[in-house]
Amino acid sequence: YWKDKLGGELPVLELPTDRPRPAVQTHRGAIESLALPKELTDALQAISRREGVTLFMTLLAAFKTLLYRLTGQEEIIVGTPIAGRNRTELEGLIGFFMNTIVMRTDLSGQPSFRELLGRVRETALGAYAHQDMPFEKLVEELAPERDLSRTPLFQVFFNHIVAMGDNATDLPGLEAEAVGGLNRQSKFDMSLTVLEGEEGLVGGLEYNTDLFDAERIERMVGHFQTLLEGIVADPGKCICYLPILDEAEGRQLLVAWND
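Keep in mind that what you see is a predicted model, and the values were worked out from it rather than measured.

Enquirer: Looking at this structure, I do not really get unusual backbone geometry. What am I missing?
Expert: Most peptide bonds take the trans form, and the phi angle of most residues other than glycine is negative. The backbone of Gln-110 shows a phi angle near 50°, a positive value even though the residue is not glycine. Turning to its location among the elements, Gln-110 is positioned in the loop between strand 3 (99-106) and helix 4 (113-129). The residue Ala-143 is not glycine, and still its phi comes out positive at about 45°. Here Ala-143 shows up in the loop between helix 5 (135-142) and strand 4 (156-162).

Here it is as structure tokens:
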């Protein structure tokens, strides 16, 4: 399955960067926060239900649409984690079962977002069914041509987390509280993490600071929210025409720079 999906020459995602890519990949990073309104979150969940997909699939399709619009590339590969507890007898075991799976999607043919959602759903279900192949073994078997400036197979990561609620930190005789991470590293060119909570979707876009400036990533986060709003307004619109610029950016491009 995986050799069929990922065999041959794999596309390399060429995101617009602010500086030339170092010959050897660095891991210096930072995070730009993301917070979506509750109304937008509810609308995305409603679309997911209507289209017979999960919210993860909808967000992944939207993220791939953004990457497509930023690069113009019609094949987008994104890595994503999976819990690895797909058997009932594993649910009660203590241990680390998580694995990384690779989502390769064809965005050619100017599909509507609804059509792309169907492609992402098919990709995701196939990957879930073959999730037991360890990622390290997959890289070994595929033996891609290694490039020290990039990670193998994919350069962008996506993670969707469903909040467990406050009870997850209730321990007998102990008090626990969540503490913000101090991580200032980026394993990939870019990683989008979205947390699904009671107040809506929150998260952040982690990025390699040797490639991107904070201002560019801040704009990307804004573009992602604008894109999601456009998807909610018309999921049948071609992904080529879904909006990514907010009103101020659109006015700057079409009026100020076009005087």
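Further notes follow.
Enquirer: I'm lost on the packing of aromatic side chains in this one. Help?
Expert: A full pass over the atoms with the stated rule returns eight aromatic pairs. Centroid distance Tyr-1 to Trp-2: 5.0 Å. Interplanar angle 80°. Geometry classified as edge-to-face. Look at Tyr-1 and you get partly exposed, because its relative accessible area is 33%. For Trp-2, a relative accessible area of 8% translates into the label buried. Here the aromatic residues Phe-56, Phe-63, Phe-158 and Phe-224 are joined through ring pairs into a cluster of three or more.

Enquirer: So what exactly am I meant to see when it comes to the environment of Ser-112 here?
Expert: Considering the arrangement of structural elements, one finds Ser-112 in the loop between strand 3 and helix 4. Counting along the chain gives 124 residues from Ser-112 to Gly-236, while the straight-line C-alpha distance between them is 5.3 Å. If we ignore the near neighbours within four places in the chain, the residues touching Ser-112 are Pro-235, Gly-236, Lys-237, Cys-238 and Ile-239.

Enquirer: Help me out: how do you make sense of the packing of helix 2 (residues 38-51) against helix 6 (residues 214-233) in this one?
Expert: A pair of packed helices can be characterised by two numbers: the angle between their axes and the separation between those axes. It is at 10 Å that the axes of helix 2 and helix 6 come closest, and there the two elements cross at 50°. Between helix 2 and helix 6, the crossing angle belongs to the class labelled oblique. The element helix 2 and its partner helix 6 pack so that their crossing is left-handed. Residues Leu-40, Ala-43, Leu-44 and Ile-47 of helix 2 form the contact with helix 6, whose participating residues are Gln-225, Leu-228, Glu-229, Ile-231 and Val-232. Its residues assigned to classes, the contact of helix 2 with helix 6 comprises seven nonpolar, one polar and one charged.

Enquirer: I keep staring at the pattern of salt bridges and nothing clicks. Help me out?
Expert: Between side chains of opposite charge, pairing is possible as soon as their charged atoms come close. Taken as a whole and assessed by the stated rule, the structure comprises 14 salt bridges. Between Asp-213 and Arg-19 there is a salt bridge, and its shortest N-O distance comes to 2.6 Å. Pair noted here: Asp-213 is in the loop between strand 6 (200-208) and helix 6 and Arg-19 is in the loop between helix 1 (2-6) and strand 1 (29-35), with a separation of 194 residues, a long-range link. Judged by its relative accessible area of 29%, Asp-213 falls in the partly exposed class. On the accessibility criterion, Arg-19 (30% relative accessible area) is partly exposed. Across the salt bridge formed by Glu-141 and Lys-137, the nearest N and O atoms sit 3.3 Å from each other. Highlighted residues: Glu-141 and Lys-137, both in helix 5, separated by four residues, approximately one helical turn. For Glu-141, a relative accessible area of 39% translates into the label partly exposed. Lys-137 sits in the partly exposed class, given a relative accessible area of 35%. Taken together, the shared-partner salt bridges in this structure form one network comprising Lys-3, Lys-137, Glu-140 and Glu-141.

Enquirer: Help me understand the pairing of strand 5 (residues 190-197), please; the structure alone is not making it clear to me.
Expert: When a strand is regular, its side chains alternate between the sheet's two faces. Inspection of the sheet shows strand 4 paired to strand 5 by seven bridges, in the parallel sense. From the neighbouring strand, Ile-161 faces strand 5, where its bridge partner is Leu-195. As defined by bridge partners, strand 5 adjoins strand 6 across eight bridges and the pair is classed as antiparallel. Residue pairing for strand 6: Ser-191 is matched across the bridge by Glu-206. Linkage of strand 5 to strand 6, two consecutive antiparallel strands, is achieved through a turn of two residues.

Enquirer: When you look at the nonpolar core in this model, what are you seeing that I'm missing?
Expert: Within soluble globular proteins, side chains that are nonpolar generally end up buried alongside one another. Membership of the largest hydrophobic core comes to 67 residues, with the highest contact counts inside it found for Val-102, Leu-153, Phe-158 and Leu-228. Ranked by residue count, the leading element in this core is helix 3 (residues 55-71), at 11 residues. Beyond its immediate chain neighbours, meaning those up to four positions away, Leu-228 contacts Leu-36, Leu-40, Leu-44, Leu-59 and Ala-62.

So, how was this worked out
Residues numbered from 1 in each chain as written. Predicted model: local features only at pLDDT ≥ 70, side-chain atom pairs only at ≥ 80, totals over all residues. Heavy atoms only, no water. Helix = DSSP H or I, 4+ residues; strand = E, 2+ residues; numbered from the N terminus. Phe/Tyr/Trp six-rings, centres within 6.5 Å; stacked < 30°, edge-to-face > 60°. Buried < 20%, exposed > 50% of the residue type's maximum accessible area, 1.4 Å probe, protein only. Contact = heavy atoms within 4.5 Å. Axes fitted to C-alpha atoms, helices over the stretch in contact; angles between N-to-C directions. Parallel < 35°, antiparallel > 145°, perpendicular 65-115°, else oblique. Left-handed = near helix turned anticlockwise from the far one by under 90°. Nonpolar A, V, L, I, M, F, W, Y, C, P; charged D, E, K, R; others polar. Salt bridge = Lys/Arg side-chain N within 4 Å of Asp/Glu carboxyl O. Pairing = 2+ DSSP bridges. Core = buried A, V, L, I, M, F, W, Y, C linked by side-chain atoms within 4.5 Å.

Keep in mind that these numbers describe shape and distance, not what the molecule does.
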